Amino acid sequence: MEIRRITSPSVAEAEPGLWSNCLVVGGIAYFSGLTARGMDGKSIAGADEYEQTKAIFEKFKALIEAAGGAMADIVKINVFVTRIQNRQQVWKARREFFTGDFPASALVEVSNLASPEILVEIEGVAHIGAGRR
């Protein structure tokens, strides 16, 4: 068994020596906490939780597909938000990317994320090929 780093041209990678966005080992994909930060590493896609969550799940989709899987393979997500009162916006976006059996999930309010304009960060785990197609 080996660890494979998964990348996608539509998802910016961190500087070397910081982290990997997605690693796959033994058919299991592990996603780092992803945000709506743009390809330039500075801009943020979306001014609210709904838009940022959609941008994050687009990154998940690009990475899971690059790994040979699909969104249906995602079994666990942890969602971190800075304004828990806006959680409905996160759920609305989540319903646009998942159907049937939704991933097991945690939603946690935190005081800050990497920068003040980042409102949502999501990490996850997927079992490649296990989801219903």
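Figured I'd write up the structure that's included with this text. Please read all numbers here as calculations on a predicted model, not as lab measurements.

1. Side note on the pattern of salt bridges
In step 1: For the structure on display, the rule yields four salt bridges.
In step 2: A salt bridge links Arg 83 to Glu 49, with the nearest nitrogen and oxygen atoms 2.8 Å apart. Of this pair, Arg 83 sits in the loop between β4 (74–81) and α2 (87–97) while Glu 49 sits in helix α1 (residues 49–66), and the two are 34 residues apart along the sequence.
In step 3: What makes Arg 83 partly exposed here is its relative accessible area of 32%.
In step 4: What makes Glu 49 buried here is its relative accessible area of 0%.
In step 5: The salt bridge involving Lys 61 is made with Glu 65; its shortest N-O contact spans 2.8 Å. Remark: Glu 65 and Lys 61 occur in helix α1; sequence separation between them is four residues, near one turn of the helix.
In step 6: Residue Lys 61 is classed as partly exposed on the basis of its relative accessible area, which comes to 31%.

2. Things to note about the sheet that holds strand β1 (residues 3–5)
In step 1: The strand order β1-β2-β3-β6-β4-β5 describes an open sheet built from six strands, whose pairing is mixed. The sheet is open, and its two borders are formed by β1 and β5 (104–109), each paired with just one other strand. Strand-to-strand twist across the sheet, computed as the mean angle between neighbouring axes with direction ignored, equals 15°.
In step 2: Two strands pair when backbone bridges link them, and β4 and strand β6 (residues 120–127) are joined in this way by seven bridges, in the antiparallel orientation. Bridging across to β6, Phe 80 finds its partner in Glu 121.
In step 3: Against the sheet, α1 makes contact with β2 (22–25), β3 (28–34), β4 and β6, and its axis sits at roughly 30° relative to β6, the strand it touches most.

About the thresholds
- Residues numbered from 1 in each chain as written.
- Predicted model: local features only at pLDDT ≥ 70, side-chain atom pairs only at ≥ 80, totals over all residues.
- Heavy atoms only, no water.
- Salt bridge = Lys/Arg side-chain N within 4 Å of Asp/Glu carboxyl O.
- Helix = DSSP H or I, 4+ residues; strand = E, 2+ residues; numbered from the N terminus.
- Buried < 20%, exposed > 50% of the residue type's maximum accessible area, 1.4 Å probe, protein only.
- Pairing = 2+ DSSP bridges.
- Axes fitted to C-alpha atoms, helices over the stretch in contact; angles between N-to-C directions.
- Contact = heavy atoms within 4.5 Å.

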